[in-house]
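# Structure assessment
Now for the letters of each chain:
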Amino acid sequence: QERLVESGGGLAQAGGSLRLACRAPARQFSSSAMGWFRQAPGQEREFVAYSKFDGSVTDYAESVKGRFTISRDKAASTVYLQMNSLTPEDTAIYYCASGFGGQGVGPFRSGPDYWGRGTQVAVSS
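The shown structure was predicted, so the numbers you read here are calculated from the model rather than taken from an experiment.

## Considerations on the overall build of the protein
Scanning the protein from terminus to terminus reveals two helices and eleven strands. Along its sequence from the N terminus, the protein presents helices and strands in the succession β-β-β-α-β-β-β-β-β-β-α-β-β. In terms of C-alpha radius of gyration, the protein reaches 13 Å, essentially the compact-globule figure of 14 Å for 125 residues. Each principal axis of the C-alpha distribution contributes one length, and for the protein these read about 40 × 25 × 25 Å. Residues counted as buried form 43% of the 125 residues belonging to the protein. Summarising the internal contacts of the protein: among those between residues at least 6 apart in sequence, 59% fall at separations of at least 24. In the structure as shown, the protein presents an accessible area of about 6300 Å², 47% of it carried by carbon and sulfur atoms.

The structure is reproduced here in structure tokens:
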């Protein structure tokens, strides 16, 4: 079973930045779609960002476009989420996710195959 390990969460002030990281097993990283979801208190889990297995396609939720950037480092088997211009509305538990093979953004948004345990992000005003 693929194990995804997130890191980088924490507390930031509004307007600040954080970078999340998610390390996946090397044998599967290069062939897996990777991305991020988040769940705010009292809310359902929502899609945040997606990266195709080769990094050639990315996609973002409208609420984070222009502020968040997803990237992947094949050598480190790690996907990153750079979050800039944070607002209190970005406060949530952020979950790393992965999808088999060439999973496209549509199926990934609906339900990736693996989940990390999550990392807390809190943004103060």
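## Observations concerning the sheet that holds strand 3 (residues 18–23)
Strand order in the open sheet formed by four strands is 1-3-8-7, and the pairing between neighbours is antiparallel. Since the sheet does not close on itself, it has two edges, and those belong to strand 1 (5–7) and strand 7 (68–73), each with one partner. Going across the sheet, the axis of each strand differs from the next one's by a mean of 15 degrees, ignoring polarity. In this sheet, strand 8 (residues 78–83) lies alongside strand 7 in antiparallel orientation, the contact comprising six bridges. Its bridge partner being in strand 8, Thr 69 is matched across the sheet by Gln 82.

## Digging into the side chain of Arg 72
Take Arg 72: it is sitting in strand 7. For Arg 72, which is buried and forms no salt bridge, the nearest opposite charge comes from Asp 54, at a distance of 6.9 Å. Polar side-chain contacts of Arg 72 include one of 2.9 Å to the backbone oxygen of Ser 32. For Arg 72, the side chain forms a polar contact with the main-chain oxygen of Ser 51, separated by 3.4 Å. Here Arg 72 is in contact with Phe 29, Ser 32, Ala 33, Met 34, Ser 51, Lys 52, Phe 53, Gly 55, Thr 78 and Val 79, once residues within four sequence places are set aside.

## So, the pairing of strand 8
Buried residues dominate strand 8, accounting for five of its six residues. Where strand 3 and strand 8 come together, six bridges link them in antiparallel fashion. Bridge pairing in strand 8 places Arg 19 opposite Gln 82. Between strand 7 and strand 8, which pair antiparallel one after the other, the connecting turn spans four residues, and Ser 77 there sits at a positive phi close to 50 degrees.

Rules behind the numbers
Residues numbered from 1 in each chain as written. Predicted model: local features only at pLDDT ≥ 70, side-chain atom pairs only at ≥ 80, totals over all residues. Heavy atoms only, no water. Helix = DSSP H or I, 4+ residues; strand = E, 2+ residues; numbered from the N terminus. Rg over C-alpha atoms; globule rule 2.2 N^0.38 Å. Buried < 20%, exposed > 50% of the residue type's maximum accessible area, 1.4 Å probe, protein only. Contact = heavy atoms within 4.5 Å. Areas by Shrake-Rupley, 256 points an atom, 1.4 Å probe, with all protein chains shown as cover. Pairing = 2+ DSSP bridges. Axes fitted to C-alpha atoms, helices over the stretch in contact; angles between N-to-C directions. Lys, Arg positive; Asp, Glu negative; His and termini not counted. Salt bridge = Lys/Arg side-chain N within 4 Å of Asp/Glu carboxyl O. Polar contact = N/O pair within 3.5 Å; in protein donor to acceptor, adjacent residues only side chain to side chain.

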